[in-house]
Amino acid sequence: DHPLRLSGARGPRSRRRRLRNMVWLPDHIWLAQKLAAKGVGGKGKAGGWTPTWQPQFSKKGWSKGWDSWGGGWGKGKGKGKGSGLSRFEPEKKVWIGGIPDGTTWKELQEHMDQAAKTKWVEVFDKKGKGTGAVAYETPEEATQAIAQLNGSVLKGSPIECDVWAKPEAKEADAAAAAAST
């Protein structure tokens, strides 16, 4: 059995079918592929064939899909609805102030887990630097955490725990309190 001899049906119809589905390859590439498919010499896998070209505009890649090439459509993994603090009701969230610089969400989680098991922990940066938020399973757990951990010490400085309210509402409450005194 010669390594270059093609196996399979012989005849005009099978030849036309093969030719219709084939693309032209340079002779040295064609020969290397045929030898690799037969398991004779070369660096190819025995019995396997690797494509020498890939389509430039393909929704799916050859192995892992379009997203493995860094492109694609859609939002990708881990993004979109249902992630973050927005999925929790305000009664289940606790606002935290006075967080020392360099505190990670993991450190804050360990501290806040003293009151009850947290469901989501976030340390804000940029505009909200020094603040964070924690979400609990139930409103009762959030209330317990506020009562138990308000004024507790995290990394050498006291933190403030309060009910969750939008920043505009907190500013309005502070302005109303200042006006009434």
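Below is a summary of the structure that appears in this document. This is a predicted model, so every value here is computed, not measured. (Residues numbered from 1 in each chain as written. Predicted model: local features only at pLDDT ≥ 70, side-chain atom pairs only at ≥ 80, totals over all residues. Heavy atoms only, no water.)

Bringing the sheet that holds strand S6 (residues 160-163) into the picture now. In space, the 4 strands of this open sheet follow the order S2-S3-S1-S6, with antiparallel pairing throughout. With one partner strand each, in any of the chains shown, strand S2 (118-123) and S6 form the two edges of the open sheet. The sheet shows a mean angle of 20 degrees between the axes of neighbouring strands, direction not considered. Where helix H3 (residues 105-112) meets the sheet, it contacts strand S1 (93-97), S2, strand S3 (131-136) and S6, and its direction lies at approximately 135 degrees from that of S2. Its contacts with the sheet place helix H4 (residues 139-149) against S1, S3 and S6, and it is angled at close to 150 degrees to S6. (Pairing = 2+ DSSP bridges. Helix = DSSP H or I, 4+ residues; strand = E, 2+ residues; numbered from the N terminus. Axes fitted to C-alpha atoms, helices over the stretch in contact; angles between N-to-C directions. Contact = heavy atoms within 4.5 Å.)

The next point concerns the pairing of S3. Counting buried residues in S3 gives 6 out of 6 residues, a clear majority hidden from the surface. Residue alternation in S3 divides its side chains into two sets, Thr-131, Ala-133 and Ala-135 and Gly-132, Val-134 and Tyr-136, and both sets are buried. In this sheet, S3 lies alongside S1 in antiparallel orientation, the contact comprising 5 bridges. Across the sheet, Gly-97 pairs through a bridge with Thr-131, a residue of S3. Where S2 and S3 come together, 5 bridges link them in antiparallel fashion. Its bridge partner lying in S3, Thr-118 is registered against Tyr-136. (Buried < 20%, exposed > 50% of the residue type's maximum accessible area, 1.4 Å probe, protein only.)

When you tally the buried positions in S1, you get 5 out of 5 residues, the bulk of the element. Neither face of S1 is open: one carries Lys-93, Trp-95 and Gly-97, the other Val-94 and Ile-96, and all of them are buried. Sheet topology note: the S1/S6 ladder contains 4 bridges and is antiparallel. Paired with Val-94 across the bridge in S6 is Val-163.

Geometric descriptors of this kind do not, in isolation, establish any biological role.
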